Amino acid sequence: AAHAAAAAAKAVSFNAYEASIGDIQRFVADGGNCSTVVSAYVARVFATQRKLNALAHPLRTSALSARAHALDAKPRAERGPLFCVVVLLKDNMNHRSLYVSSGSSALRFDMPKSTAEFVAHLEARDAVVLGTANMASFALDGLNTNSSLAGQTHNAYSYRLTPSGSSGGSAAAAAVPASSAA
């Protein structure tokens, strides 16, 4: 009973702010659960997205919750090396459950029929895909992260500045952090 109480106390204490992948792995190894980790990152997204504008397409919270619960149900011996690592994909990487627009409003509702092999490998190793990060439209602007889909992404440390290039949404999200990898 004491172990269960300690695990419950630890489960509610995960702080995604500046947490490393190693911190996630230690948290889970010490009895924390993936659902708590994912909830912490979703909270970071809600806390920062309006000012930062780093995400193009977040995955629905119900889908994220279902993925986290499915991972929590896996026996420890069967968990992959990226168990509960929360990742953001650039908005030009296909995922069967996310719109992929390459930063363009013309492709706003483009839903791929399959998942990119790289992304499938991440998920097969038990990573959790949070959504897609904003990028310059079609990755054509190397000086600014401004898309016709989601607008301007701002620098995480000064909202008057912008992260440069087509991966600016990923960079801003990783700096906040709104994911453990982007």
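Worth saying up front: this structure is predicted, and the values here are computed from it rather than measured. (Residues numbered from 1 in each chain as written. Predicted model: local features only at pLDDT ≥ 70, side-chain atom pairs only at ≥ 80, totals over all residues. Heavy atoms only, no water.)

## Description of the environment of C34
Mapped onto the elements, C34 comes out in helix α3 (residues 34–52). Residue classification places C34 among the buried residues on the basis of a relative accessible area of 0%. Here the alpha-carbon distance between C34 and R67, two residues 33 residues apart in the chain, equals 9.0 Å. Once residues within four sequence positions are removed from consideration, C34 is found in contact with A68, L71, D72, F83, C84 and V128. (Helix = DSSP H or I, 4+ residues; strand = E, 2+ residues; numbered from the N terminus. Buried < 20%, exposed > 50% of the residue type's maximum accessible area, 1.4 Å probe, protein only. Contact = heavy atoms within 4.5 Å.)

## Brief notes about the side chain of T115
As for its position among the elements, T115 is in the loop between β2 (86–90) and α5 (117–124). Side chain to side chain, T115 and R96 meet in a polar contact 2.8 Å long. Ignoring any residue separated from it by four or fewer positions in sequence, one finds T115 in contact with N94, H95, R96, A120 and E123. (Polar contact = N/O pair within 3.5 Å; in protein donor to acceptor, adjacent residues only side chain to side chain.)

## A look at the confidence of the model for the protein
Do not read the fine detail of predicted coordinates wherever pLDDT is low. Model confidence for the protein is summarised by a mean pLDDT of 87, while 93% of its residues fall at 70 or above. Per-element averaging of pLDDT across the protein places helix α1 (residues 2–11) at the bottom with 48 and α5 at the top with 97. (pLDDT = per-residue confidence, 0-100.)

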